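The chain contents come next:
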Amino acid sequence: MVGLFEELANNAPVMIWRSRLDKLCDFFNQPWLEFTGRTQEQEFGNGWTERIHPEDYERCLAIYSGAFDARESFSMEYRLQRADGEYRYLLDNGAPFTRDGEFAGYFGSCIDITERKQMEDGRLVLIAELNHRVKNMLSTVQSLAHQSCGRASTPREAEELLTGRLMALSQAHEALAEQYWHGADIGNVMRRMVALASRDTDRVRISGALATLRPGIAQSLAMAIYELFLNAMQYGALSNTTGTIDIAWTQVEHYGEPWLEIAWKEEGGPPVAPPQSRGLGMRLIRSLLPLEISGETTIDFARQGVIAHIRMPIPGGMQ
Amino acid sequence: MSNAARRVLIVEDEMLIAILLEDMLSELGYEVAAIASRVDTALPLIDTLTFDLAILDVNLAGESSFPVADALARKGRPYLFATGYGREGIISEHAHRPVLVKPFSSRDLRFAIRSAFHD
């Protein structure tokens, strides 16, 4: 029988311990000893508790001792130092056992749940981050509503403006989602804005090589480009039947570093007059986009057509 | 006390939220002194810019704005937080400062500003 017990205890893929009537431990199986890298003698009695993480120590002993006095089984998680020095999370299940009908002590088994624990923690972080992003997104939508309702002359116009801007934001997110939110290709963002703004796509030419924009920049650029389109549809090259827009991006050298330069050029529209008030597009392009992209922007209401330039550092250059 | 001369530094990385804050502040009679979107651009402004209050987003593109809050606290300048994380996201050193939870109304903003000035 002893042979069978030892064979079982030492080969079972769990860490097993046993304690006596006085709560002191008198047995640890092979997997336990391999985990801690210590001998039976070192672990005996209260020896094993030396390797419990200091933050878990009190709680762990209180649970063990409390359950023991009440002769109840327990289940607890704590960190125990492994032979290589790393603290691992263990799930320890202990239960009283009897010998010849009399209470004789406790048996317990432990499994390493570190990976599971890390996944759980990761999920909590993700949920907190998601919550934060949703709240930011609601603020962003609030901002678009404020911008759209404040300037519109009718509720219908406000609704159209807001819907269009939400679509632009949503398209930027789609482009980002395609690359799992690591970034978005500038051409992808531009094509989506063109599709949103103009049915007459041959009047809008876009050209440029692949370049990945990080999420904040992709979203802000999409919104700025969409505002340029709105202006073009209302007053500029897309407000008549013949105007064209050329959007081109290239890598340029600026301050000795690779920069991405985006050029927006309208032609063939009605004569342009500088805007009388500062709309969302102007505020984005002139004041806020430069902050977001750590770059420079210009917008020129030239009589022949609006010309805008957006320049930003692109570390490592374009592909 | 009149709000007319009160100038606000906005530290926020989301452009559209910065625009909203700018509008709300101007509707409440404040002037926006500057907008910064990163810690390294916000920090020098604390010494060079004339302003009466700072409104800080907590997460600036993955970077925490607490170094800016620390600098403001050292100089005894009023500031408040505007964040999607809520009060739980504020470290203990700054936990007593007003926190605006996004999204917030103009009324919430007005109350938060008032309590920031009375700290």
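Predicted model only: the values in this text are computed from it and were never measured.

Side note on the overall build of chain B
(1) Moving on: A count of helical and extended segments in chain B gives 4 helices and 7 strands.
(2) Moving on: For chain B, the sequential pattern of α-helices and β-strands runs β-α-β-α-β-β-β-α-β-β-α.
(3) Moving on: Relative to the globule expectation of 14 Å for 119 residues, the C-alpha radius of gyration of chain B, 13 Å, shows essentially globular dimensions.
(4) Moving on: C-alpha extents for chain B along the principal axes are approximately 35 × 30 × 30 Å.
(5) Moving on: Evaluated residue by residue, chain B yields a buried proportion of 54% over its 119 residues.
(6) Moving on: For chain B, restricting intrachain contacts to residue pairs at least 6 apart in sequence, the fraction spanning at least 24 positions comes to 59%.
(7) Moving on: Counting every atom, chain B has about 5100 Å² of accessible surface; 51% of that belongs to carbon and sulfur.
(8) Moving on: Of the side chains in chain B, 12 bear a positive and 17 a negative charge, and the two mean positions are spaced by 7 Å.

Regarding the pairing of strand E2 (residues 25-28) of chain A
Residue and element names in this part refer to chain A.
(1) Moving on: Two strands pair when backbone bridges link them, and strand E1 (residues 15-19) and E2 are joined in this way by 3 bridges, in the antiparallel orientation. Its bridge partner being in E2, Arg 18 is matched across the sheet by Phe 27.
(2) Moving on: Linking E1 back to E2 in an antiparallel pair, the connection comprises 5 residues, with Lys 23 at a positive phi of about 75 degrees.

Some points on the nonpolar core
Most often, soluble globular proteins keep nonpolar side chains buried together rather than apart.
(1) Moving on: Core analysis: the biggest nonpolar cluster contains 77 residues, and A:Phe229, A:Ile262, A:Trp264 and B:Leu109 have the highest contact counts within it.
(2) Moving on: No other element matches the 12 residues that helix H8 (residues 215-234) of chain A contributes to this core.
(3) Moving on: Sequence-distant contacts of A:Trp264, that is, excluding residues within four places in its chain, are made with A:Ile225, A:Leu228, A:Phe229, A:Ala232, A:Ile245, A:Asp246, A:Ile247, A:Val306, A:Ile307 and A:Ala308.
(4) Moving on: By size, the runner-up hydrophobic cluster in this structure holds 24 residues, among which are B:Leu9, B:Leu45, B:Val58 and B:Ile90.

Looking at the sheet that holds strand E6 (residues 79-83) of chain B
Residue and element names in this part refer to chain B.
(1) Moving on: Here we have 5 strands laid out as an open sheet, ordered E2-E1-E3-E6-E7, and parallel in their pairing. Edge positions in the sheet fall to strand E2 (31-36) and strand E7 (99-101), since each has one partner strand and no second. Across the sheet, the mean angle separating the axes of adjacent strands is 20 degrees when strand polarity is ignored.
(2) Moving on: For strand E3 (residues 53-56) and E6, the ladder comprises 3 bridges, and the chain directions are parallel. Considered in E6, the bridge of Ala 54 is made with Tyr 79.
(3) Moving on: Strands in contact with helix H2 (residues 39-48) are strand E1 (7-11) and E2; relative to E2, the strand with the most contacts, it is inclined by about 140 degrees.
(4) Moving on: Those strands touched by helix H3 (residues 66-74) are E3 and E6, and its axis lies near 165 degrees from that of E6.

Some thoughts on the interface of chain B and chain A
(1) Moving on: Each side of the interface is counted separately: chain B has 23 residues, and chain A has 24 residues.
(2) Moving on: Looking only at chain B, the three residues that lose the most surface to chain A are B:Met15, B:Leu16 and B:Ile19, adding up to 31% of its buried area.
(3) Moving on: Counting every contact that joins chain B to chain A gives 2 salt bridges.
(4) Moving on: At the junction of chain B with chain A, the criterion picks out 11 residue pairs in polar contact (both at pLDDT 80 or more).

Topic: the sheet that holds E1(A)
All names here are of chain A.
(1) Moving on: Within the open sheet, the 5 strands sit side by side as E2-E1-E5-E4-E3. Their pairing is antiparallel. Looking along the sheet, the strands with just one partner apiece sit at the ends: E2 and strand E3 (74-81). For this sheet, the mean angle separating the axes of adjacent strands, direction not counted, is 30 degrees.
(2) Moving on: Across 5 bridges, E1 lies against strand E5 (residues 102-112) in antiparallel orientation. Across the sheet, the residue bridging to Trp 17 is Gly 108, located in E5.
(3) Moving on: Each of E1, E3, strand E4 (87-99) and E5 is contacted by helix H4 (residues 54-70), which is oriented at about 150 degrees to E3, the strand it contacts most.

Re the domain arrangement of chain A
(1) Moving on: Taken domain by domain, chain A consists of domain 1 (4-112) and domain 2 (170-313).
(2) Moving on: One C-alpha centre belongs to domain 1 of chain A, the other to domain 2 of chain A; they are set 65 Å apart.

What about the packing of aromatic side chains?
(1) Moving on: Per the stated rule, a full pass over the model turns up 20 aromatic pairs over all chains.
(2) Moving on: Note on B:Tyr79 and B:Phe81: the rings are 5.8 Å apart at their centroids and 85 degrees apart in plane angle, and the pair reads as edge-to-face.
(3) Moving on: Connected via pairs of aromatic rings, a cluster forms that spans A:Trp17, A:Phe28, A:Trp32, A:Trp48, A:Tyr64, A:Phe68, A:Phe74, A:Tyr78, A:Phe103 and A:Tyr106.
(4) Moving on: One Lys or Arg, B:Arg77, reaches over the ring of B:Phe51 and ends 4.1 Å from the middle of that ring.

What about a nonpolar patch on the surface?
All names here are of chain A.
(1) Moving on: Judged by side-chain polarity, Leu 130, Val 134 and Leu 138 come together as a nonpolar surface patch covering roughly 270 Å² of accessible area.
(2) Moving on: Here Val 134 is to be found in helix H5 (residues 114-151).
(3) Moving on: Residue classification places Val 134 among the partly exposed residues on the basis of a relative accessible area of 40%.

So, the environment of A:His309
Residues and elements named next belong to chain A.
(1) Moving on: For His 309, the location among the structural elements is in strand E12 (residues 305-313).
(2) Moving on: Taking the relative accessible area as the measure of exposure, His 309 reaches 21% and is therefore partly exposed.
(3) Moving on: Between the C-alpha atoms of His 309 and Lys 265, which are 44 residues apart in sequence, the distance is 8.8 Å.
(4) Moving on: Each residue touching His 309, except ones within four places of it in the same chain, is listed here: Glu 261, Ile 262, Ala 263, Glu 296, Thr 297 and Thr 298.

What about the side chain of A:Arg192?
(1) Moving on: Topologically, A:Arg192 is positioned in helix H7 (residues 186-197).
(2) Moving on: When neighbours within four sequence positions are excluded, A:Arg192 is seen to be in contact with A:Gln171, A:Glu174, A:Ala175 and A:Glu178.

Structural notes on the state of the cysteines
(1) Moving on: A complete count under the given rule lists 0 disulfides over all chains for this structure.
(2) Moving on: Between A:Cys60, a free cysteine, and A:Cys110, which holds the nearest cysteine sulfur, the sulfur-to-sulfur gap is 8.9 Å.

Regarding the pattern of salt bridges
(1) Moving on: Inspection of every chain in the model, using the stated rule, returns 31 salt bridges over all chains.
(2) Moving on: Across the pair A:Arg156 and A:Glu160 runs a salt bridge, and its minimum N-O distance is 3.5 Å. Separated by 4 residues within a single helix, A:Arg156 and A:Glu160 lie in helix H6 (residues 155-178), roughly one turn from each other. Residues A:Arg156 and A:Glu160 agree in their burial class; the two are exposed.
(3) Moving on: The closest approach of N and O atoms between A:Arg283 and B:Asp23, which form a salt bridge, is 2.9 Å. Taken together, the residues span two chains, with A:Arg283 in helix H9 (residues 280-293) and B:Asp23 in helix H1 (residues 15-27). The same class applies to A:Arg283 and to B:Asp23, which are both buried.
(4) Moving on: One connected set of salt bridges, linked through shared partners, spans A:Arg82, A:Asp84, A:Glu86, A:Arg88, A:Asp112 and A:Glu115.

Parameters at a glance
- Residues numbered from 1 in each chain as written.
- Chains lettered and ligands numbered in written order.
- Predicted model: local features only at pLDDT ≥ 70, side-chain atom pairs only at ≥ 80, totals over all residues.
- Heavy atoms only, no water.
- Helix = DSSP H or I, 4+ residues; strand = E, 2+ residues; numbered from the N terminus.
- Rg over C-alpha atoms; globule rule 2.2 N^0.38 Å.
- Buried < 20%, exposed > 50% of the residue type's maximum accessible area, 1.4 Å probe, protein only.
- Contact = heavy atoms within 4.5 Å.
- Areas by Shrake-Rupley, 256 points an atom, 1.4 Å probe, with all protein chains shown as cover.
- Lys, Arg positive; Asp, Glu negative; His and termini not counted.
- Charge placed at Lys NZ, Arg CZ, Asp CG, Glu CD.
- Pairing = 2+ DSSP bridges.
- Core = buried A, V, L, I, M, F, W, Y, C linked by side-chain atoms within 4.5 Å.
- Axes fitted to C-alpha atoms, helices over the stretch in contact; angles between N-to-C directions.
- Buried area = accessible area lost by both parts, 1.4 Å probe.
- Salt bridge = Lys/Arg side-chain N within 4 Å of Asp/Glu carboxyl O.
- Polar contact = N/O pair within 3.5 Å; in protein donor to acceptor, adjacent residues only side chain to side chain.
- Domains from an automatic or database assignment.
- Phe/Tyr/Trp six-rings, centres within 6.5 Å; stacked < 30°, edge-to-face > 60°.
- Lys NZ or Arg CZ within 6 Å of the ring centre and 35° of its normal.
- Patch = residues over 30% accessible without salt bridge, like charges linked within 9 Å, V, L, I, M, F, W, Y side chains within 5 Å.
- Disulfide = S-S within 2.5 Å.

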